[in-house]
There are 4 protein chains.
Amino acid sequence: MGGSTANRKVVERAISGSGDLFAKTRARTLALVDGLSPEDLVVQSMEDASPAKWHLAHTSWFFEQFVLGQYVPGYRFFDERYLHLFNSYYVQAGTRFARPRRGLVTRPSASEVLDYRHAVDRAVSHLLASPPKDAAVEIARLVELGCHHEMQHQELLLTDLLHAFSFNPEMPAYRAPEPLAVTAGREPEITWQAFDGGLVEIGHDGKGFAFDNEGPRHKVWLEPFELADRLATNREWQDFIADGGYETQTLWLSDGWAVREQEGWTTPLYWFEKDGVWWSFGLRGAQPVDPDAPVTHISYYEAEAFARWAGARLPREAEWEHAASTVPVDGHFVEGGHFRPRPATGPGLTQMYGDVWQWTQSAYSPYPGFVPPEGAIGEYNGKFMVNQWVLRGASCATSRAHARATYRNFFHPHQRWQFSGLRLARDR
Amino acid sequence: MGGSTANRKVVERAISGSGDLFAKTRARTLALVDGLSPEDLVVQSMEDASPAKWHLAHTSWFFEQFVLGQYVPGYRFFDERYLHLFNSYYVQAGTRFARPRRGLVTRPSASEVLDYRHAVDRAVSHLLASPPKDAAVEIARLVELGCHHEMQHQELLLTDLLHAFSFNPEMPAYRAPEPLAVTAGREPEITWQAFDGGLVEIGHDGKGFAFDNEGPRHKVWLEPFELADRLATNREWQDFIADGGYETQTLWLSDGWAVREQEGWTTPLYWFEKDGVWWSFGLRGAQPVDPDAPVTHISYYEAEAFARWAGARLPREAEWEHAASTVPVDGHFVEGGHFRPRPATGPGLTQMYGDVWQWTQSAYSPYPGFVPPEGAIGEYNGKFMVNQWVLRGASCATSRAHARATYRNFFHPHQRWQFSGLRLARDR
Amino acid sequence: MGGSTANRKVVERAISGSGDLFAKTRARTLALVDGLSPEDLVVQSMEDASPAKWHLAHTSWFFEQFVLGQYVPGYRFFDERYLHLFNSYYVQAGTRFARPRRGLVTRPSASEVLDYRHAVDRAVSHLLASPPKDAAVEIARLVELGCHHEMQHQELLLTDLLHAFSFNPEMPAYRAPEPLAVTAGREPEITWQAFDGGLVEIGHDGKGFAFDNEGPRHKVWLEPFELADRLATNREWQDFIADGGYETQTLWLSDGWAVREQEGWTTPLYWFEKDGVWWSFGLRGAQPVDPDAPVTHISYYEAEAFARWAGARLPREAEWEHAASTVPVDGHFVEGGHFRPRPATGPGLTQMYGDVWQWTQSAYSPYPGFVPPEGAIGEYNGKFMVNQWVLRGASCATSRAHARATYRNFFHPHQRWQFSGLRLARDR
Amino acid sequence: MGGSTANRKVVERAISGSGDLFAKTRARTLALVDGLSPEDLVVQSMEDASPAKWHLAHTSWFFEQFVLGQYVPGYRFFDERYLHLFNSYYVQAGTRFARPRRGLVTRPSASEVLDYRHAVDRAVSHLLASPPKDAAVEIARLVELGCHHEMQHQELLLTDLLHAFSFNPEMPAYRAPEPLAVTAGREPEITWQAFDGGLVEIGHDGKGFAFDNEGPRHKVWLEPFELADRLATNREWQDFIADGGYETQTLWLSDGWAVREQEGWTTPLYWFEKDGVWWSFGLRGAQPVDPDAPVTHISYYEAEAFARWAGARLPREAEWEHAASTVPVDGHFVEGGHFRPRPATGPGLTQMYGDVWQWTQSAYSPYPGFVPPEGAIGEYNGKFMVNQWVLRGASCATSRAHARATYRNFFHPHQRWQFSGLRLARDR
């Protein structure tokens, strides 16, 4: 009886927690598209990116598909056609509209998609208000998953929008420009932070929310290593450019050099030169490059070449996670409202979270004992475990609630449109 | 003195004629986008196509660039940035925004582009109301050219929109569906119309408006020939399909077969099968194929293979023009408001104008003595005189005022998104 | 009876003429590959080109397929597998080995292919020695066709080999270098040759050999025109380069500029700069460009842009043929053994034949009344009548017996690996 | 003194060992090309592959570049042009001829390349006979490296040749067909071999030859695991096919499915169906698939999907190496002369070496503490450490002397032309 009561309380807390998270997350998504026109919302600039309208719809689809459709008796989908139109890659959830054509879906309109969102909001809230007893925990779990899914899409919405805007010769600003942060001259040299390594544990232990790919928690042997106390900066990147980094083939991985040649890379994405000064385009429009801010919009290949040039290397993901477990989850996230990375401040191991995602030298592979869940939800992460490299930390476009030490972000080594940067590491 | 008065009257008539045409043309463009959302207006489905918003802006750019900027003293451009953004391919008119990226220009918005249109409308009207005396004829001529340029873009606006809509699984209808035309069963067999040929003249004689590529008028020797009295129909095309036309390599030109293989063509563009019946997608949504209506959305390759299958051939453009000069410029144009080709009616040589453009077997080459005008306007037609094939007539998306016997339309042999069909010809 | 005797004599002459031509043609092919290694014979440098070994085999296949297999009772093919392997594009003659893979056929070896040739030689000679009476004329006709077919492949063999050699950094010479022709300083300015035009006849009249695409003979109306008395020279081309011809977009057709951009063309094919001097690679290895020799290895796009730069135009094919009919079929052919174009000499209309093929502004289209023969032979020419442009004359790699006023050569406008040049024309 | 003597003996042994290995390795390369024609030797079927002649030359280049050029005073290169022509990817060793064009180098001929080999053989033998004292050990080390480099190219020579032959419709056999091995019916079910894991060591310890990428030896934590006692067989692969493995998207990694779709894979490379029976093409020509032999010519994507279908997974490379250290380096290598994988025999953990390389689930990444050597030799392995996956073991085309437990082979996940197969693993 006590057990039953305790259980009920656990369930209530879970449901209530999910409800709060749901309300907050859904509201933030709308806040992010505030001020965007229907045209801004519909375009797609490359296959890797999606229209903002699609993000608005797909995150709603997720709740319809995996929560409402499963747990609301006799649930009627808002529009049966959306099941096809707004599925992303879940094969087991049915057919999917062609990814490279998402930007051609002018109808439903942005306003119809917002109606869709509201209908889903109401239905989920209603379900959470009086969930079927035997499924309450599972519903809470799925709603929480859907919220974290939506946080990922919030970040993609911003980076996809920036990418689309970057093709406009007028260089429109998503948010009004703000002055660069005031910093006290050149940042200090890197202060290396030492770690002894040994037999450590990494991965999620199952307490609190995590994606399936973060577990199981498992042992890893680490040799002694050091991490830079901060992210690599634009000043250092300008030195790399000035030193011929983009023209020195021996600094580059073979595949990286091939991409660099083909794409003609000579700077990070969105950089351009004006009157002898480096500028970059960002969510606050075009601005001079801030030398003290972390470099961003670089590929794995560039990060790796830079590290070699610097006489260092990229961290392994286990090293990063082991080090990250020594500092609180704090930093400059999307809630800060700057929408761009900012210079490091303070002593010790800084910027482990926020500002920019940090490329590691680790391929995105399954942890020992990893088994994806049954069904479509199991496609969330597992099927991408080849050809991608792990990034750790979080960025200025990530929700604070979405950052944690065990989080494994992943992209292909040539991709640059995320807020991706790096932190140097070296053997002791 | 009498001459001077006569001249003045000519000038006045020219100016007044241009003014009427301008008002009417500009109004029709707006009527065509009536009911479209900002999202509908911004998308671009392939490099060959352009967003409707771009068409709205580029046709205004044309008047700004070639009329207002030249003839209004101290003219201030509506927005200097538009000069780059909305130039299409006029190298001598300055830089141009990348064609394949036109669909990413979310800003200026549709409403800003409409403001641009209105400003240009006012300025042109103002100029036409009191033109500088010594330039009045030239201004009238350029405004007339700009109107015909805009009529071309009206047609492209419709075909580009249809192409974009075709990727939407919801198959949105540009205009509400209307029932198929009632026709009296199977159309009669072709009645061949005979022509003697001989030494004839084709090409524009300079009276009234024409594009530069329609002249000079010149002699051509024609052998005796016959033309079908009507366009090839969907019924005939279904026979072609049923008879294995798309699988019989020997019917096809070598380059045509290669494209057919690569693209996997088995029907005209926009056709699909549903429950054993052929349907096609068009500006009035998806409808069953009308067997009596002219086939449309076919490439030159398909037209040519069909003609071989039918034991006939495509007409040469001189044959077509010679025959067309015997009938009035009449037919089913955009003013009819059907937005799709309709069955032939009546006796004699029908459907020479309207419904669908007719592929000829003539490459788009300069006529003897052709010299393009000086300057950017000279880029209008001449530089495309290779690799394209001539289509004659007009389509259900063409303005009546835009159709004439000497008109030379041209597209690459693989292109299918225009209202393109064919009429059979044969030697006598 | 007299008729019968006369007929018999005609037949005998036809057979005997074919036999001579056959012996001579087959021998020349072997002479052309003299000195080439098995490796030289097997490689293929692009899809447009074929290995020399393939040319050796395919020309034999032609006689087996169209003569021996049809007219020798119980004929046993040398190797059934060769029917597939060495068919080029004759759909009605059965399956064909993938064109882009021809260079991977290391077996049969060169020596086996030579055995194949000898076997075919013997069988054809045997057949010609005692042909079946009722088929003798047809056999003679087909053997003659096969010989002209082989002459085409002789030319391709040389240009394909040159293309393959051009990728070898050692720049091997097909034939030993020889000094440039001694010429008397700068060639004179162009002397324009005037023609009145009017209603003329072009096309083959059926007397003597011609390909099907050269007929029927038919009337064409020509406006008065002029032709340059000689081919365009390397000196003129160097002026074109020096004057920024390759960088001036307004000189180029739109499609031509796109190709020039994509390919990065800045000179004709095979040109390179060494110590401030233009060199070119050819069948006699790398040599300084001869300013008095005709320019070669240029695309239609380059020829057309050059003509515009020169204030002239390319001839129409009817103009060219009409003019060519006024001079004897003479010039610098493959028999000369120079394997490269040479400077013009003498007065009047020179270099109409030999040195380099001359791009015309005429698309390769069927003449009025053209009907290809029945069966596979009908695929020889007709199915290529789209997207290609006509070249007239002949080149330094053409047999004298293969040159005539009505000959229509054709290539795609971007292709440059043939001995292709130009002669200027203009309206009077 | 004793130390000095001991040292001298070590040096002598090293030199003598290198000399033996050199003679044997160089001879085997020649034996492998025995019976091939100059045409067989020159062709290149794709960018990933190289002509056999190139392998013959490049392996000689390696000794010239890194040994003779460094350690023979006043050494004159056989042909300076070969330094460019036969460099593969060593940026620090100078310029390189374009990889995709290797198959167009008809000159130097095969026989000139053999002369080159012989000259290098003589010079290296001469150097080893009386090496400069202070460089003797380094020379021995480099010659040994060059021999192992050549063994890699021996294997590539065979797989590249097979790939080129596979395009020939005559399906030529590299070596005469031999009957399939006689096996006693269906092989037993897999007997899983269990390992406890724990903190183990992997990587090369520096004793004997190894490539730089095999070290340093380092600790790895392993969870308990099991390995199949033999390689996956063709019988199992046929079951996978029959069970719809190639059509079941949920079995595949996302990138794998995309490649499978694009390439249309439905079987391993070189398989085809004839009269309802599976055949495969190999170095002994086309033969029916041997159900008991290991499956080969599969990509990582296929291996990974197969493992999922089988309810298992691929081994990690550390698991594989840990297990391999328990069995002797024995198996079916190139010396066996079968040139194809053969069925497993005997109890226990079999086929760890030879037959086919075994895909692991490990990305090819640097070991902790890995530092590539200075100079061009340092480009051997390190710059490929991204986007490739590790294969372990050896194949029927590998020299016995080339196989060892620490060997890390690596290819891109889509590549199939190597003798690549798999062994199943699972968690305990």
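So, the domain arrangement of chain A
All names here are of chain A.
- Segmentation of chain A into domains returns domain 1 (2-165) and domain 2 (192-427).
- Here the C-alpha centroids of domain 1 and domain 2 sit 27 Å apart.
- The interface is formed by 28 residues belonging to domain 1 together with 32 residues belonging to domain 2.
- Interface of domain 1 and domain 2: buried area, both sides summed, is about 2,600 Å²; carbon and sulfur atoms make up 65% of it.
- At the boundary of domain 1 and domain 2, one finds one salt bridge.
- Between Glu-335 and Arg-28 there is a salt bridge, and its shortest N-O distance comes to 3.3 Å.
- Applying the counting rule to domain 1 against domain 2 returns 16 residue pairs in polar contact (both at pLDDT 80 or more).
- Looking at the side of domain 1 that touches domain 2, the elements with two or more residues in it are helix H1 (2-32), helix H3 (52-71) and helix H6 (136-165).
- Per-element tally for the side of domain 1 that touches domain 2: the top contributor is H6, with 16 residues.
- Here the residues of the side of domain 1 that touches domain 2 sort into 16 nonpolar, seven polar and five charged.

Some remarks on unusual backbone geometry
- That bond from Arg-107 of chain B to Pro-108 of chain B is cis: its omega, 5°, falls within 30 degrees of zero.
- Within the secondary structure, Pro-108 of chain B is located in the loop between helix H4 (80-85) and helix H5 (110-129).
- One non-glycine residue, Gln-351 of chain C, lies in positive phi territory at about 55°.
- Judged by relative accessible area, which is 10%, Gln-351 of chain C ranks as buried.

Observations regarding the interface of chain A and chain B
- On the side of chain B, 32 residues touch chain A, which itself brings 32 residues to the contact.
- Across the chain A/chain B interface, buried area totals approximately 2,600 Å², and carbon plus sulfur atoms make up 56% of it.
- Its largest share of buried area at the contact with chain B, chain A owes to Glu-39, Arg-107 and Glu-170 of chain A, together 29% of the area lost on that side.
- Across the chain A-chain B interface, the total number found is 12 residue pairs in polar contact (both at pLDDT 80 or more).

Examining the relation of the copies chain D and chain A
- Screw-axis analysis of chain D against chain A gives a translation of 0.0 Å along the axis, an RMSD of 0.1 Å, and a rotation angle of 180°. In the structure described here, the two chain copies are related by an operation that fits a two-fold rotation axis.
- When the interface residues of chain D are mapped onto chain A, 100% of them are again interface residues, pointing to one common binding face.

Digging into the sheet that holds strand S13 (residues 420-421) of chain A
Residues and elements named next belong to chain A.
- With mixed pairing, four strands are arranged side by side in an open sheet as S12-S11-S10-S13. Bordering the open sheet on either side are strand S12 (409-411) and S13, each of which pairs with just one other strand.
- Taken together, the two bridges between strand S10 (residues 357-363) and S13 define a ladder with parallel strand orientation. If you follow Trp-357 over to S13, its bridge partner there is Ser-420.

Points about the relation of the copies chain A and chain B
- If you rotate chain A by 180° and push it 0.0 Å along the axis, it lands on chain B with an RMSD of 0.0 Å.
- Of the interface residues in chain A, 100% have counterparts in chain B that sit at the interface too, so the contact is made through matching surfaces.

A closer look at the interface of chain D and chain A
- With 33 residues of chain D at the interface, the matching set in chain A holds 33 residues.
- Carbon and sulfur atoms supply 59% of the area that chain D and chain A bury against each other, a total of about 2,700 Å² over both sides.
- The largest per-residue losses of area from chain D upon contact with chain A belong to Trp-221, Val-386 and Asn-387 of chain D, which jointly make up 19% of the total buried on that side.
- Connecting chain D to chain A are zero salt bridges.
- Elements with a contribution of two residues or more to the side of chain D that touches chain A: strand S3 (218-222), helix H8 (254-263), helix H9 (300-309) and strand S10 (357-363) of chain D.
- Classifying every residue of the side of chain D that touches chain A by side-chain character gives 16 nonpolar, 10 polar and seven charged.

Let's talk about the pattern of salt bridges
Residues and elements named next belong to chain A.
- Under the counting rule described, the total for this entry stands at 116 salt bridges over all chains.
- In this structure, Glu-178 and Arg-340 form a salt bridge, with 3.3 Å as the shortest nitrogen-oxygen distance. With Glu-178 in the loop between H6 and strand S1 (192-195) and Arg-340 in the loop between strand S8 (331-332) and strand S9 (353-354), this residue pair connects regions lying 162 residues apart in the sequence. Here Glu-178 and Arg-340 have matching classes, each one buried.
- Among the ionic contacts, a cluster of salt bridges with common partners joins Arg-26, Arg-117, Asp-121 and Glu-150.

Parameters and conventions
Residues numbered from 1 in each chain as written. Chains lettered and ligands numbered in written order. Predicted model: local features only at pLDDT ≥ 70, side-chain atom pairs only at ≥ 80, totals over all residues. Heavy atoms only, no water. Domains from an automatic or database assignment. Contact = heavy atoms within 4.5 Å. Buried area = accessible area lost by both parts, 1.4 Å probe. Salt bridge = Lys/Arg side-chain N within 4 Å of Asp/Glu carboxyl O. Polar contact = N/O pair within 3.5 Å; in protein donor to acceptor, adjacent residues only side chain to side chain. Helix = DSSP H or I, 4+ residues; strand = E, 2+ residues; numbered from the N terminus. Nonpolar A, V, L, I, M, F, W, Y, C, P; charged D, E, K, R; others polar. Buried < 20%, exposed > 50% of the residue type's maximum accessible area, 1.4 Å probe, protein only. Least-squares fit on C-alpha atoms with pLDDT ≥ 70 in both. Pairing = 2+ DSSP bridges.

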